[in-house]
There are 2 protein chains.
Amino acid sequence: VSGEHPLDEAQILAFAKQFDPQPFHLDHEAAKATLFGGLAASGWHTAAVTMRLLVGGGLPLAGGIIGAGGEISWPKPTRPGDVLHVETEVVSVTPSASRPDRGRVVVRSQTLNQHGDVLQQSTYKLVVPRKAV
Amino acid sequence: VSGEHPLDEAQILAFAKQFDPQPFHLDHEAAKATLFGGLAASGWHTAAVTMRLLVGGGLPLAGGIIGAGGEISWPKPTRPGDVLHVETEVVSVTPSASRPDRGRVVVRSQTLNQHGDVLQQSTYKLVVPRKAV
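Read on for a plain summary of the structure. (Residues numbered from 1 in each chain as written. Chains lettered and ligands numbered in written order. Predicted model: local features only at pLDDT ≥ 70, side-chain atom pairs only at ≥ 80, totals over all residues. Heavy atoms only, no water.)

Comments concerning the packing of aromatic side chains
Applicable threshold: Pairing of aromatic rings covers Phe, Tyr and the six-membered ring of Trp, with a centre-to-centre limit of 6.5 Å; geometry is then stacked below 30 degrees between planes, edge-to-face above 60, and tilted otherwise.
Taken as a whole and assessed by the stated rule, the structure comprises 10 aromatic pairs over all chains. Grouping aromatic residues by their ring pairs yields a cluster made of Phe15 and Phe19 of chain A together with Phe15 and Phe19 of chain B.

Below, the structure is given as structure tokens:
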């Protein structure tokens, strides 16, 4: 269980002002005329909140969560009032061929709101410390 | 030209406290013993700053920058004192088969620091409004 993260309008606006100042992330009225049809959080805000949920217990890794990269998609917009949670699945664990002190873990996650809508799908490649056996 | 975005330690700590509270993003001393070998920004912070640079002129699209998803990787950590800039390239432009009012644009971007180190590589699929001809 990874907890929940409510996202209100003030948080959405604060993130957008700093990192993604576009009309559909900043203004209800202006957002209506856009593809979003209303105010929506920046996808990078959804990604950042997802990370917060993973770090907060959604992905318990002793060495921490260090991403080398991955794939991300946002099937639906995150809206003011959404309460986010994350579901994760370990896809693979591979020792590094070149570095005996580390390995690679591939993790898939879904970020959902309280209605079960999938807001974000991601697959991450993580670098993890590896202990000698 | 998309401008530059300096990233100092205070910004790195503030983002990490809110979204990615792990030792290597929060504390110089604790970071030394980790795979990062010193304080580094959250990859999601690098991604958010990259978006700010794209919105600030790095990717001029009339309908705004609306990402459906993409791939992202962080070849090197972003460090305190780094000054980020972004280089973008349009890979493809495709009208939607099902929705005549929109199309898909694929964009590749690199986020670099003042030393020319590549901190982030991304490929985004963007949804764009399309005008009738």
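A word on the interface of chain A and chain B
Applicable threshold: Contacts between residues were defined by any pair of non-hydrogen atoms, one from each residue, lying within 4.5 Å. By buried area we mean how much accessible surface two parts lose on assembly, using a 1.4 Å probe and totalling the loss over both. Any Lys or Arg side-chain nitrogen located within 4 Å of an Asp or Glu carboxyl oxygen qualifies as a salt bridge. N or O atoms closer than or at 3.5 Å make up a polar contact, with two conditions inside protein: a donor-capable atom paired with an acceptor-capable one, and, for residues adjacent in sequence, both atoms drawn from side chains. Only DSSP runs of H or I reaching four residues or more are called helices, and only runs of E reaching two or more are called strands; each is numbered from the N terminus. Residues are grouped as follows: Ala, Val, Leu, Ile, Met, Phe, Trp, Tyr, Cys and Pro are nonpolar; Asp, Glu, Lys and Arg are charged; every other residue, Gly included, is polar. The pairing criterion is simple: DSSP has to find at least two bridges between the two strands.
Taken residue by residue, the interface counts 35 residues in chain A and 35 residues in chain B. Contact between chain A and chain B buries roughly 2,900 Å² in total, counting both sides, with carbon and sulfur atoms accounting for 70%. Of all residues in chain A, Phe19, Leu35 and Trp44 of chain A give up the largest surface area on contact with chain B, accounting jointly for 27% of the area buried on that side. Counting every contact that joins chain A to chain B gives zero salt bridges. Applying the counting criterion to the chain A and chain B interface returns eight residue pairs in polar contact (both at pLDDT 80 or more). At the level of secondary structure, the elements contributing two or more residues to the side of chain A that touches chain B comprise α1 (9-19), α4 (43-58), β2 (66-73) and β5 (118-129) of chain A. A breakdown of the residues in the side of chain A that touches chain B according to their chemical character gives 21 nonpolar, nine polar and five charged. Of the strand pairs in this sheet, β2 of chain A and strand β2 (residues 66-73) of chain B are connected by five bridges, and their pairing is antiparallel. By the bridge assignment, Ile72 of chain A is partnered in β2 of chain B with Gly70 of chain B.

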